Amino acid sequence: MKLGIILGDQLSLSLPTLRGLDPKHDRILMAEVRQEATYVQHHKQKIALLFSAMRHFAHSLQQAGWEVEYVYYSPSGPASLQQAIARSLQQQPATDLVLTRCGEYRLQQMIDQQWPQQLNLPVTVYEDDRFIASPAEFAHWAQNRKQLRMEYFYRDMRRKTGLLMEAGQPLGGQWNFDQENRSAYKGEVPLPPPLTFEHDDIDQQVLHLVDQEFPDHPGDTATFCWGTTRAQARQALKHFIRHRLPHFGRYQDAMVSSQSLGAGSDTLFHSLLSPYLNCGLLTPMEVCQAAAQAYQEGGVPIAAAEGFIRQIIGWREFVRGIYWHYMPDYAGQNALNNTRDLPAMYWHGNTRMHCMQEALRNTFSHAYAHHIQRLMVTGNFALLTGVEPRQICDWYLAVYADAYDWVELPNTLGMVMHADNGLLGSKPYCASGRYIDRQSDYCRHCHYDVKSAEQENSCPFNSLYWHFLDRHRAVFSRNPRMTMMYRSFERMTSEKQQAVLQRAEFCLAQLDQL
Ligand code: FAD
Ligand code: DLZ
Ligand code: SF4
């Protein structure tokens, strides 16, 4: 008898682990354990989503004829997956352990280096073929390239999958329609209707458990509205394709204050599919095929379908490739030598900066923030203020329902913090308040003046932006994509430069009073 281990982010019936086992002889173990639930202070909704989705998935496996041993969370239960397996083996021995490569280097190290000896049986780890590219394929692609650019990798993934391709050429005559995807949202089309799920008994029990056992974790279970079953995740996909995808690309970079639009502003036309993709309730290929089909049936413009598919087979696969290719050294990088502690507002959300307030409120209410909030608001602020990469990475890993090290780390450490020295992006995504003002209506609702950089009530992003460029002049001033920024700074009078830098120093000295 073999023992198959299915982790909390492996909830797919197409999982290689299941293909490697026979329900007639073998059995499955799934376990809710303290180590996985607390290795960072996960948002309560992330734990609730995972535990409830795991319980529902275990039922589906049993219905499909599998023998499943399920360990429910208890403070006196096994602390780690290894302990849960050891206890299971004591009850019922097995000849082999079988699982699929896990999502995090941390746990994969334990599986490779500790489990075979400490559990005293052979461990077979299958490649996770729910992803389009394996780490080995990525390594092959990366070999001998001076620069790793997502766009070229993405084109190979289009060729490999055949998505939006015809006779070897991209449909619509170009690979990438990003230029069409930059609009602010001014109500031109109505927001999509909300999608809500009823909580069944399993959801209710888990939400109660999370409140009892993880009271100090961030967030609130009262606003939990994620689906927890494969059927609900499919419903979310259909809802996205019908109501959101047609406008996805165009408003991908937009942000709107909840004071203007209410709850719909938190998600706009984004898919909200990442938590399901990352825990396995949906697979990347089925999601992309649904988008490609919607384009072929004529309901969705090519720019929207392409823009969405690029996020999945482009960015999502690319960051995973970077992760496995460069770990473990990647996690320790700090190219800009940042040392600042994460401002406390990241945990309590109180600030007069309206853009930050909105992004943090969304984060705590829903364990979600859309990409531009993560990148250009909370991320940009951490970059401009010079937060130590490890601290901001741990924050992103904790607070989002979709957060796993393989995808969070390259996005935060690389894309946001530029701590990998430009491996992931050739220039940092630093921006002043002007960018936020262009893409949103936040500044209209803000205590600060986005038009000013040096006055007492000036937008902190403005002075911090110039301070960032000034203090990292040696690193960035020769970057051809940044010369315009430096030229703008040089065009200021030296009095103005001094006033702006002074205002930035003032802001840096009291970030939590902003
Ligand atoms: P949509 O905007 O609808 O995008 C569609 C899908 O594309 C997403 O569901 C996701 O699967 C994929 N995608 C889009 N952008 C990226 C990207 N940059 N990297 C990987 N996949 C992408 N995404 C995570 O899934 N988990 C994380 O832990 C995570 N951490 C992030 C941290 C930072 C600092 C930043 C800037 C981005 C992070 N992202 C992460 C990427 C992105 O912000 C989220 O995937 C997205 O906001 C999820 O919401 P959505 O499903 O509505 O996405
Ligand atoms: C995120 C998470 C949480 C909160 N709890 C569990 C758990 O109790 N049991 C489990 O198998 N997985 C859990 N997970 C997901 C794991 O952390 C994830 O599988 C690994 O980090 C590998 O990506
Ligand atoms: Fe954010 Fe500055 Fe605009 Fe306020 S003025 S919302 S701090 S960008």
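So, here's what we can say about the structure. (Residues numbered from 1 in each chain as written. Chains lettered and ligands numbered in written order. Predicted model: local features only at pLDDT ≥ 70, side-chain atom pairs only at ≥ 80, totals over all residues. Heavy atoms only, no water.)

**Some points on the overall build of the chain**
1) Next: Summing up its helical and strand segments, the chain has 24 helices and seven strands in all.
2) Next: Taking 2.2 N^0.38 as the reference for a compact globule, 514 residues should give roughly 24 Å; the C-alpha atoms of the chain span a radius of gyration of 23 Å, in line with that estimate.
3) Next: With respect to the three principal axes, the spread of C-alpha positions in the chain is 80 × 55 × 50 Å.
4) Next: Taken over 514 residues, the chain has a buried fraction of 60%.
5) Next: Of the contacts formed within the chain by residues at least 6 apart in sequence, a portion of 77% connects residues at least 24 apart.
6) Next: Carbon and sulfur atoms form 48% of the exposed surface of the chain, whose accessible area is close to 21,300 Å².
7) Next: Of the side-chain charges in the chain, 48 are positive and 53 negative, and the distance between the mean point of each set is 6 Å. (Helix = DSSP H or I, 4+ residues; strand = E, 2+ residues; numbered from the N terminus. Rg over C-alpha atoms; globule rule 2.2 N^0.38 Å. Buried < 20%, exposed > 50% of the residue type's maximum accessible area, 1.4 Å probe, protein only. Contact = heavy atoms within 4.5 Å. Areas by Shrake-Rupley, 256 points an atom, 1.4 Å probe, with all protein chains shown as cover. Lys, Arg positive; Asp, Glu negative; His and termini not counted. Charge placed at Lys NZ, Arg CZ, Asp CG, Glu CD.)

**Thoughts on the site of ligand 2**
1) Next: Near ligand 2 lie 19 residues; those nearest to it are Asp9, Ala31, Val33, Glu36 and Arg106.
2) Next: Measuring from an oxygen atom of ligand 2, one finds a backbone N or O atom of glycine 8 at 3.1 Å.
3) Next: Protein chains bury 100% of the 480 Å² of accessible surface belonging to ligand 2 in isolation.
4) Next: A majority-of-atoms criterion places ligand 2 in the largest cavity.
5) Next: It is helix α3 (residues 44–63) that contributes the most residues to the shell around ligand 2, three residues altogether.
6) Next: Of the residues contributing to the shell around ligand 2, the split by class is eleven nonpolar, three polar and five charged. (Near = heavy atom within 4 Å. Polar contact = N/O pair within 3.5 Å; in protein donor to acceptor, adjacent residues only side chain to side chain. 1 Å grid on protein atoms, 1.4 Å probe; cavity = no way out; pocket = protein on both sides within 12 Å on 5 of 7 lines; lining within 4 Å. Sits in = over half its atoms within 2 Å of the grid points. Nonpolar A, V, L, I, M, F, W, Y, C, P; charged D, E, K, R; others polar.)

**Some details on empty space enclosed by the protein**
1) Next: Taken as a whole and judged by the stated rule, the model has three cavities of 30 Å³ or more.
2) Next: Volume-wise, the largest cavity comes out at about 320 Å³.
3) Next: Lining the largest cavity we find 23 residues, and of these Gly8, Asp9, Glu36, Leu50 and Tyr404 sit closest to its centre.
4) Next: Of all the secondary structure elements, the ones that give two or more residues to the lining of the largest cavity are α2 (34–38), α3 and α5 (105–113).
5) Next: Broken down by element, the residue count for the lining of the largest cavity peaks at five residues, all from α3.
6) Next: Residue composition of the lining of the largest cavity, grouped by class: 14 nonpolar, three polar and six charged.
7) Next: Its boundaries defined by the atoms lining it, the second largest cavity holds a volume of some 130 Å³.
8) Next: Residue lining of the second largest cavity: 15 residues in total, with Asp9, Asp128, Arg130, Phe131 and Asn278 positioned closest to the centre.
9) Next: Sorting the residues of the lining of the second largest cavity by element identifies α12 (274–279) and α14 (302–326) as the ones contributing at least two each.
10) Next: Of the residues belonging to the lining of the second largest cavity, the class tally is five nonpolar, four polar and six charged. (Points joined across faces, edges and corners; volume = space filled by probe spheres on them.)

**A short note on the packing of helix α8 (residues 150–161) against α14**
1) Next: Remark: α8 packs on α14, axes separated minimally by 9 Å, with the N-to-C direction vectors making an angle of 110 degrees. Viewed along their axes, α8 and α14 adopt a mutual orientation that is roughly perpendicular. Counted together, Met150, Glu151, Phe153, Tyr154, Met157, Arg158 and Thr161 of α8 and Glu306, Arg310, Ile313, Gly314, Trp315, Glu317 and Phe318 of α14 form the full contact between these two elements.
2) Next: In terms of residue class, the contact of α8 with α14 is built from seven nonpolar, two polar and five charged. (Axes fitted to C-alpha atoms, helices over the stretch in contact; angles between N-to-C directions. Parallel < 35°, antiparallel > 145°, perpendicular 65-115°, else oblique.)

**Considering helix α4 (residues 81–91)**
1) Next: Leu81, Gln82, Ala84, Ile85, Ser88 and Leu89 are the residues of α4 that are buried. All buried residues of α4 fall inside an arc of 160 degrees around its axis, so they share one side. Pointing more than 90 degrees away from the buried face of α4 are the exposed residues Gln90 and Gln91. (Arc of directions from axis to C-beta.)

**Focus: the sheet that holds strand β3 (residues 67–71)**
1) Next: The parallel open sheet is built from five strands, whose spatial order is β3-β2-β1-β4-β5. In this open sheet, the two edge strands, each paired with only one partner strand, are β3 and β5 (123–126). Neighbour-to-neighbour, the strand axes of this sheet turn through a mean angle of 25 degrees, independent of strand direction.
2) Next: Where α3 meets the sheet, its contacts fall on β2 (27–31) and β3, and the angle it forms with β3 comes to roughly 160 degrees.
3) Next: Sheet strands touched by α4: β1 (2–5), β2, β3 and β4 (96–100). Its angle to β2, the strand with the most contacts, is close to 140 degrees. (Pairing = 2+ DSSP bridges.)

**Concerning unusual backbone geometry**
1) Next: Residue proline 328 is bonded to the preceding methionine 327 through a cis peptide linkage, with omega at 0 degrees.
2) Next: Not every positive phi belongs to a glycine, and alanine 367 is a case in point at roughly 55 degrees.
3) Next: With respect to the helices, strands and loops of the structure, alanine 367 is situated in the loop between α16 (354–366) and α17 (371–385).

**Let's talk about helix α23 (residues 483–491)**
Think of an α-helix as 3.6 residues a turn; residues three or four steps apart then line up on the same face.
1) Next: Every buried residue of α23 is accounted for by Met485, Tyr486 and Phe489. Mapping the buried residues of α23 onto a view down its axis gives an arc of 95 degrees, with all of them on the same face. Residues of α23 that are exposed and point more than 90 degrees away from the buried face comprise Met484 and Arg491.

Purely spatial values, then, with no claim about function.
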